[in-house]
Amino acid sequence: MTCSATILLLFALHGLAQAQVPAPKPAPVRPQPAKPKPSPAKPSGAAPVQPVAKPIASSQRCTFQIDNVDRQGAVNETPTGTNYFAGGNVRLRCRNMQIAMQSDSVAAYGGNIVQFIGHVKYRDSTLTMDADFGTYYKNGERWEARGNVDTKNLKTGSTLAGPSLDYLRAVSGVRDTLEMYATGRPNIRYFESDTAAGRKVEPYVIVADRVRFKGSDRIWAGGKVTIDRADFAARSDSMRLDTGKGSDGTLIGGEPILRGLGTDSFSLRGLRIDLALTQRELSKLTARGEGHAVNRDWDLTADTIAIDLKTRKLERTLAWGKKTRPYALSTTYAMRADSLALDSPAQTLREVRGFGKAWLGGTVDSATNDRDWMRGDTVVASFVPSDSAGRKRSVLSRINARAAAQSYHLERNAKAPRRPSINYARGDAITITMKPPAAGATSGVDRVDIRGKVDGIQLEAAGDSVAPADTSTAKGKRR
């Protein structure tokens, strides 16, 4: 038996084909001896089966066919099986399949293990792979590529470059979905598997100590994970991403953080960050446990913080929690409640709502180290955009407190500049309207409306006076 015939009979190998491979042409039908026709007087129960060529299923295992060997191959019979060796620009392909492999030399052992050595190349209709060394294990249909591995998915455009990759292809009766494992901090440019027509395509650039793929739309990564794209950057110890039916992901471990990039940047931290995707774009981020979010308008902490995104901009933020009650802080106000909602269409703050023991405080007064505040079961603060020195920002325009509303206001006292007047009011609802902003800053209170059962108090200090001098002497003091 020739070397070529030996390897054809001994080895079945796919060589990293994707699950969807075009169906090959049927093999030619061999002539069969003519069979006598059944007697018309005694018809059979079914028509005789005629020999036909059966198409090879896309998941069927590959049968090697050698196209070129520069140096004569060798066969070595051993007690455990037949070993085959070939060298010099070895080119192989899978019979009746669009799969081709090439390397400097090939060594096959016992019909179960095939090694590809030097300048290894693999090509099919959907995948290309280059490496220094490759090993195929027939049992389990496993391919191991080692050394300068460079892989590209021709369907999605995704690429992987690294020192090591294991590939487990989809094979009927073995596994229904292809899988890949990479170690050694591979660099991955991960394109979405089904990109909407006409939309700009940007890859996720993923780097991690180890990565696992399942199909073309699910990926897991562990060990110092970094994910970068033009609109965001994320860091964590572990990551899961599903751009297919699941349309979600998770960052966990190592104090995960996600930063929105660009002129309207923001950041989100937590013990865990969950991702939601809509049409394969990030649409929602949820930090669970020790949540902390920051953008140009506020600094927010809470047990849980959920951020809605639209066209890659922060649209709305929700915060709640018992261990850490939501607390939002900016340069001009602070707000606390059982839960908070911040509306920021196109990443411009328009409204903040506090529910459950809500409290909103204004700017801290430098003289008294105190601030104005409002309180109620619900507090709603409205903002308007303002342009200061070419920088857009949001300024407070209106505050409304409802249900057991209270307000506390400090007002400069002309008679006692160091001791401002104090105004405290209660009512079913209190609304404060601010003066229009001037030069990018609020200009104080314009109007206060109190409705329902109303009461309050106004405290005003007397004019500043000089304390009487101590006229006592040592002689006049009582002993």
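Throughout what follows, the structure given in this document is the object of discussion. Predicted model, so just to flag it, every value in this text is computed and none were measured.

**Looking at the environment of W359**
Checked against the element boundaries, W359 lands in strand 25 (residues 351-361). Between the alpha carbons of W359 and V380 there is a distance of 9.7 Å; along the sequence they are 21 residues apart. Beyond its immediate stretch of four places on either side in the chain, W359 contacts A334, M335, R336, R371, W373, M374, R375 and V379.

**What to know about the packing of aromatic side chains**
Under the criterion given, the structure shown has seven aromatic pairs. Arranged with centres 5.3 Å apart and planes meeting at 50°, the rings of Y333 and F383 form a pair that is tilted. With Y333 in the loop between strand 22 (327-329) and strand 23 (334-336) and F383 in strand 26 (residues 373-388), this pair connects stretches of sequence that are 50 residues apart. This pair shows no difference in class: Y333 is buried, exactly as F383 is. By way of ring pairs, the aromatic residues Y190, Y204, F213 and F232 are connected into one cluster. Cation over ring: R212 sits above W220, and NZ or CZ is 4.7 Å from the ring centre. Looking at R375, its charged tip hangs above the ring of W373, at a distance of 4.4 Å from the centre.

**Let's talk about empty space enclosed by the protein**
Space left empty within the atom packing is revealed by a probe, the size of a water molecule, rolled over the atoms. Throughout the structure, instances matching the rule amount to five cavities of 30 Å³ or more. Estimates place the volume of the largest cavity at around 180 Å³. Secondary-structure elements contributing two or more residues to the lining of the largest cavity are strand 7 (142-153), strand 8 (159-168) and strand 10 (187-190). A per-class count over the lining of the largest cavity returns seven nonpolar, eight polar and one charged. By volume, the second largest cavity amounts to about 60 Å³. Looking at the second largest cavity, the residues that line it are D231, F232, L258, G260, L261, F266, L282, L285, L309 and R312. Counting only elements with at least two residues in the lining of the second largest cavity, the list comes to strand 16 (257-260) and strand 19 (281-295). For the lining of the second largest cavity, a count of residues per class yields seven nonpolar, one polar and two charged.

Analysis parameters
- Residues numbered from 1 in each chain as written.
- Predicted model: local features only at pLDDT ≥ 70, side-chain atom pairs only at ≥ 80, totals over all residues.
- Heavy atoms only, no water.
- Helix = DSSP H or I, 4+ residues; strand = E, 2+ residues; numbered from the N terminus.
- Contact = heavy atoms within 4.5 Å.
- Phe/Tyr/Trp six-rings, centres within 6.5 Å; stacked < 30°, edge-to-face > 60°.
- Buried < 20%, exposed > 50% of the residue type's maximum accessible area, 1.4 Å probe, protein only.
- Lys NZ or Arg CZ within 6 Å of the ring centre and 35° of its normal.
- 1 Å grid on protein atoms, 1.4 Å probe; cavity = no way out; pocket = protein on both sides within 12 Å on 5 of 7 lines; lining within 4 Å.
- Points joined across faces, edges and corners; volume = space filled by probe spheres on them.
- Nonpolar A, V, L, I, M, F, W, Y, C, P; charged D, E, K, R; others polar.

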